[in-house]
Amino acid sequence: MTTEISQSVLNKSRTDKFLMVLTLPKALRDVNTKNDRQNTNVIQDSLQFSIYGVVIPKVMVTDVEGRYSGQTFHFTSHKRPAYENVRVKFTLDNKFNNYWVIYKWINLLNNNQEGFFHADDIPIVDQPYELYSTTITVYGLDEYDNKTIQFDFVGVIPVSLGEIDYNYRDAKEIESEFEFSFSQLIAKLL
């Protein structure tokens, strides 16, 4: 039996060949604008083009040890432990619009002035989980920028927004990160 390979086995995936697609949760989509910069609005597209790093988490199914006759046997537990949070690295734009997207999302979950879920400027609907969670998709790309694998993070909610490190002695671009938790990771080949 022969195997046909349509490319060289020496072609390898690269760490800089990915695309991350973030769709705002329903509550923030209602205040999404194309370029109207206000405290009550967000500009979703501002985040899309500034992301430069994300780590796909480890996928595990835990084992169970069974001792018998001086030996240890391992069996599957048929369950997955909770995934670790995912950190996304991005470069801040000069108007902080991309930072503002994640800030407003976190502020929706716990308002900085009122201390609880929901603020006056974001409408409430019947299903709060669907209101503030979303799906984030990361595509792995080949050397021609074709999508080869898709990772869907389902039930995404942000849990932290990284610090901003100002420094007069360093003239490079400001980088930050946000971290999100999620319920499911679904992978598929394309």
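Small disclaimer: the values here were computed from a predicted structure and weren't measured.

Student: Tell me about the overall build of the protein chain, and please be specific about residues and values.
Tutor: Scanning the protein chain from N- to C-terminus turns up four helices and nine strands. Starting at the N terminus, the α and β elements of the protein chain follow one another as β-α-α-β-β-β-β-α-α-β-β-β-β. Within the protein chain, the proportion of its 190 residues that are buried is 35%. At a minimum sequence separation of 6, the contacts of the protein chain that also span at least 24 residues come to 63%.

Student: Summarise the packing of aromatic side chains; cite the residues concerned and give the values.
Tutor: On inspection of all chains with the given rule, the structure shows eight aromatic pairs. An angle of 85° between the planes, with centres 6.4 Å apart, marks the rings of Phe96 and Tyr99 as edge-to-face. The class of Tyr99 is buried, set by a relative accessible area of 19%. Judged by centre distance (6.4 Å) and plane angle (40°), the rings of Phe178 and Phe180 are tilted.

Student: Give a description of the pairing of strand S6 (residues 134–141) that names residues and reports values.
Tutor: With respect to burial, S6 is a largely interior element, seven of its eight residues being buried. The pairing of strand S1 (residues 18–22) with S6 spans five bridges and is antiparallel. Along S6, the bridge assignment pairs Val21 with Thr137. Note that S6 and strand S7 (residues 147–161) share eight bridges and pair antiparallel. Counterpart to Thr135 in the pairing with S7 is Val154. From the end of S6 to the start of S7, which pair antiparallel, there are five residues, and Asp145 there has a positive phi angle of about 65°.

Student: Lay out the pattern of salt bridges in plain terms, naming residues and giving numbers.
Tutor: This structure, assessed with the given rule, holds two salt bridges. The partner of Glu177 in a salt bridge is Arg87, with the nearest N and O atoms 3.3 Å apart. With a gap of 90 residues between them, Glu177 in strand S8 (residues 175–181) and Arg87 in strand S5 (residues 86–91) connect regions that are remote in the sequence. Residue classification places Glu177 among the partly exposed residues on the basis of a relative accessible area of 26%.

Student: Explain the nonpolar core to me, and be specific about the residues and the numbers.
Tutor: Core analysis: the largest hydrophobic core is formed by 25 residues, its most contacted members being Met20, Val88, Phe153, Phe178, Phe180 and Phe182. Of all the secondary structure elements, the ones that give two or more residues to this core are S1, strand S2 (51–54), S5, helix H3 (97–109), S6, S7 and S8. Excluding residues within four positions of it along the chain, Phe153 makes contact with Ile56, Pro57, Val86, Thr134, Thr135, Ile136, Val138, Phe180, Phe182, Gln184 and Leu185.

Student: A description of a nonpolar patch on the surface should follow, citing residues and the corresponding values.
Tutor: Where nonpolar side chains cluster on the molecular surface, the patch consists of Val64, Tyr68, Phe73 and Phe75 and spans about 450 Å² of accessible area. Breaking the nonpolar patch down by element, the ones donating at least two residues are strand S3 (63–68) and strand S4 (71–76). Topologically, Tyr68 is positioned in strand S3. Residue Tyr68 is classed as exposed on the basis of its relative accessible area of 62%.

Student: Report on the pairing of S5, specifying residues and quantitative values.
Tutor: Taken together, the three bridges between S2 and S5 define a ladder with antiparallel strand orientation. Across the sheet, the residue bridging to Val54 is Val88, located in S5. Judged from the six bridges that link them, S5 and S8 form a sheet pairing that is antiparallel. Each bridged residue has a counterpart across the sheet, and for Arg87 the counterpart in S8 is Glu179.

Student: Outline the environment of Leu19, listing residues and values.
Tutor: Here Leu19 lies in strand S1. For Leu19, a relative accessible area of 37% translates into the label partly exposed. Here the alpha-carbon distance between Leu19 and Thr137, two residues 118 residues apart in the chain, equals 8.2 Å.

Analysis parameters
Residues numbered from 1 in each chain as written. Predicted model: local features only at pLDDT ≥ 70, side-chain atom pairs only at ≥ 80, totals over all residues. Heavy atoms only, no water. Helix = DSSP H or I, 4+ residues; strand = E, 2+ residues; numbered from the N terminus. Buried < 20%, exposed > 50% of the residue type's maximum accessible area, 1.4 Å probe, protein only. Contact = heavy atoms within 4.5 Å. Phe/Tyr/Trp six-rings, centres within 6.5 Å; stacked < 30°, edge-to-face > 60°. Pairing = 2+ DSSP bridges. Salt bridge = Lys/Arg side-chain N within 4 Å of Asp/Glu carboxyl O. Core = buried A, V, L, I, M, F, W, Y, C linked by side-chain atoms within 4.5 Å. Patch = residues over 30% accessible without salt bridge, like charges linked within 9 Å, V, L, I, M, F, W, Y side chains within 5 Å. Areas by Shrake-Rupley, 256 points an atom, 1.4 Å probe, with all protein chains shown as cover.

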